[in-house]
Amino acid sequence: QVQLVESGGGLVQAGGSLRLSCAVSGRPFSAYAMGWFRQAPGKEREFVAGIRWKFGSTDYADSVKGRFTISRDNAKNTVYLQMSSLKPEDTAVYYCAVDEDGLGYPMGEYDYWGQGTQVTVSS
């Protein structure tokens, strides 16, 4: 079984920074992929960033590229999303997810999801 718990969300001013954390329990990091997604009110859930354990490769949505960085700490079984130069349009609930097959975004199917953490960016 895999369980994910997000933390680190909050309220920040435009231009500020936040670091989200996703702690994974049930098993240590292996050959699976992980990703961050977000959903704003009235909008569809969208991919934000992903990382594939096999290759150490990362992917980012065009809207966050250059501002967000995904990383992992294998010793702590935790994945991070460092967000800088935040904009009001980044406001959303952010979710982390695991793809046990290791394919990752965009072809992979994510099997486990966290409860989400709210990020609000004020003007």
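Caption draft 1: Expanded view of the pairing of strand β8 (residues 78-83). A large share of β8 lies buried, amounting to 5 of its 6 residues. Bridging between strand β3 (residues 18-25) and β8 involves 6 bridges; their strand directions are antiparallel. Residue pairing in the sheet places arginine 19 in a bridge with glutamine 82 of β8. Summarising the sheet, strand β7 (residues 68-73) and β8 pair through 6 bridges and their orientation is antiparallel. The partner of aspartate 73 across the bridge, within β8, is threonine 78. Taken together, β7 and the strand that follows it, β8, pair antiparallel across an intervening segment of 4 residues, in which asparagine 77 is found at a positive phi of about 50°.

Caption draft 2: Summary view of the packing of aromatic side chains. Enumeration according to the criterion identifies 5 aromatic pairs in this entry. Relative to tryptophan 113, the ring of phenylalanine 37 lies with its centre 4.9 Å away and its plane at 55°, an arrangement referred to as tilted. Of the two residues, phenylalanine 37 sits in strand β4 (residues 33-39) while tryptophan 113 sits in strand β10 (residues 112-113), which places them 76 residues apart along the sequence. Its relative accessible area of 7% is what places phenylalanine 37 among the buried residues. Ring centres of phenylalanine 47 and tyrosine 105 lie 3.7 Å apart, and the angle between their planes is 5°; this geometry places the pair in the stacked category. One end of the pair, phenylalanine 47, is in strand β5 (residues 46-52); the other, tyrosine 105, is in the loop between β9 (92-99) and β10, and 58 residues separate them in sequence. The exposure class of phenylalanine 47 is buried, given its relative accessible area of 9%. Aromatic rings pair up to connect Phe37, Phe47, Tyr105, Tyr110 and Trp113 into one cluster. The ring of phenylalanine 37 is capped by arginine 45, whose NZ or CZ atom sits 5.7 Å from the centre of that ring.

About the criteria used
Residues numbered from 1 in each chain as written. Predicted model: local features only at pLDDT ≥ 70, side-chain atom pairs only at ≥ 80, totals over all residues. Heavy atoms only, no water. Buried < 20%, exposed > 50% of the residue type's maximum accessible area, 1.4 Å probe, protein only. Helix = DSSP H or I, 4+ residues; strand = E, 2+ residues; numbered from the N terminus. Pairing = 2+ DSSP bridges. Phe/Tyr/Trp six-rings, centres within 6.5 Å; stacked < 30°, edge-to-face > 60°. Lys NZ or Arg CZ within 6 Å of the ring centre and 35° of its normal.

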